[in-house]
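Fold and geometry: a report
These are the residues of each chain, in order.
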Amino acid sequence: MNQIDLHIHSTYSDGSYTVEDIIKEAQRKQLTWYSICDHDTFAAYDNLSTWPKGLLMGIEISAHDNLHGKDVHILAYGMKERVHIEKLCGYTLKNMEKIAKWQVKQLIENGYDITWEEVKRKAEPSTSVYKQHIMQVLIDHGYATEIYGEEYHQLFKNKGICMHKKEYPKVEDVIEAIHQDQGVAILAHPRLSRVEALISHFIRLGVDGIETWHSSQSEDAIRYSHCFALANQLLEVGGSDCHGKYGKEPEIGNSNPLMWEGDVEACIMKFMNRQENL
């Protein structure tokens, strides 16, 4: 088990664990550093009565690279402000809600006996409605047996009735907003996002690091990202990307069996030193 998990999702986006669940589990597993990186929202941090030891503020921001026509995710950590990121993400969250409402409408028109109101209730307290919430309602009604099963692929993939193109802010605007809020911008799971061959491009756009030890990264993917990071003096992070029952990723604290603790600890210290000098 790794001692660092800098990529965890809560019920404030598309995870099934509450913030309290995550903190308790991180403490139980004695994680040195961990971060809740919900999609396009800081809501997980808004109601903390005390700041737990080892918790780093984080967020996973949806973005689009217009040059290559790719959707990418940018992780951000250690912000001293939030105004620029929140302004950028506000549009994304509104657009996501609009798409989810359209998806539910498609299901209703095609004979699925569900309502928007029950989907919204299922999503609470998330700042938007995600397809995992819709699928959970379909499971509750007996239309499906699992979130990522046959029904999901028929509806949300392969030109299914719920497929809808999402609009995200430009990746360069996302990186700029992170820097304006005095945070660091990290390219998330490059192989999973199929942008591994474009790492040099994102470096030119200003990313500060790479999620080298994401749970999906194979040994050769780690080596590839690690070499890029070393050659360009980039930060490196790692995480499980845990979504609880709403995903197939590992549990909290199980970031990557190939994570090299010494290197990761050195990267975290480098990150902390950078934040102190901003």
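Just above, that's the structure.
This section reports on the structure supplied with the text. (Residues numbered from 1 in each chain as written. Predicted model: local features only at pLDDT ≥ 70, side-chain atom pairs only at ≥ 80, totals over all residues. Heavy atoms only, no water.)

Observations concerning the overall build of the chain
On a plain count of helices and strands, the chain comes out with nine helices and seven strands. Computed over the C-alpha atoms, the radius of gyration of the chain is 18 Å, within 12% of the 19 Å expected from 2.2 N^0.38 for a compact globule of 278 residues. With respect to the three principal axes, the spread of C-alpha positions in the chain is 55 × 45 × 35 Å. Considering only contacts in the chain between residues 6 or more positions apart, those separated by 24 or more positions represent 67%. Summed over all atoms, the accessible surface of the chain reaches about 12,800 Å², with 50% contributed by carbon and sulfur. (Helix = DSSP H or I, 4+ residues; strand = E, 2+ residues; numbered from the N terminus. Rg over C-alpha atoms; globule rule 2.2 N^0.38 Å. Contact = heavy atoms within 4.5 Å. Areas by Shrake-Rupley, 256 points an atom, 1.4 Å probe, with all protein chains shown as cover.)

Observations regarding the sheet that holds strand β6 (residues 209–214)
In spatial order, the strands read β3-β4-β5-β6-β7; together these five strands make up an open sheet with mixed pairing. Looking at which strands have only one partner, the edges of the open sheet turn out to be β3 (58–65) and β7 (235–239). The average undirected angle you get between the axes of adjacent strands in this sheet is 40°. Bridging between β3 and strand β4 (residues 70–77) involves eight bridges; their strand directions are antiparallel. Bridge pairing links Glu 60 to Leu 75 in β4. Against the sheet, helix α8 (residues 219–231) touches β6 and β7, its axis set at about 155° to β6. (Pairing = 2+ DSSP bridges. Axes fitted to C-alpha atoms, helices over the stretch in contact; angles between N-to-C directions.)

Re the pattern of salt bridges
Inspection of the entire model under this criterion finds 10 salt bridges. Across the pair Lys 29 and Glu 25 runs a salt bridge whose closest N-O atoms are separated by 3.3 Å. When its relative accessible area of 11% is taken as the criterion, Lys 29 is described as buried. One salt-bridge network, held together by shared partners, links Glu 25, Arg 28 and Lys 29. (Salt bridge = Lys/Arg side-chain N within 4 Å of Asp/Glu carboxyl O. Buried < 20%, exposed > 50% of the residue type's maximum accessible area, 1.4 Å probe, protein only.)

Overview of the packing of aromatic side chains
Counted under the stated rule, the structure contains five aromatic pairs. With a centroid separation of 5.0 Å and 80° between ring planes, the pair formed by Tyr 148 and Tyr 152 is classed as edge-to-face. A connected cluster of aromatic rings, assembled from ring pairs, spans Tyr 148, Tyr 152 and Phe 156. (Phe/Tyr/Trp six-rings, centres within 6.5 Å; stacked < 30°, edge-to-face > 60°.)

Comments concerning helix α4 (residues 131–140)
Counting buried residues in α4 gives seven out of 10 residues, a clear majority hidden from the surface. Among all positions in α4, only Gln 132, His 133, Ile 134, Met 135, Gln 136, Val 137 and Leu 138 are buried. Buried residues along α4 sit against α2 (83–109), α3 (116–123) and α5 (150–156). Positioned one or two residues after α4, Gly 142 has a phi angle of 85°, which is positive.

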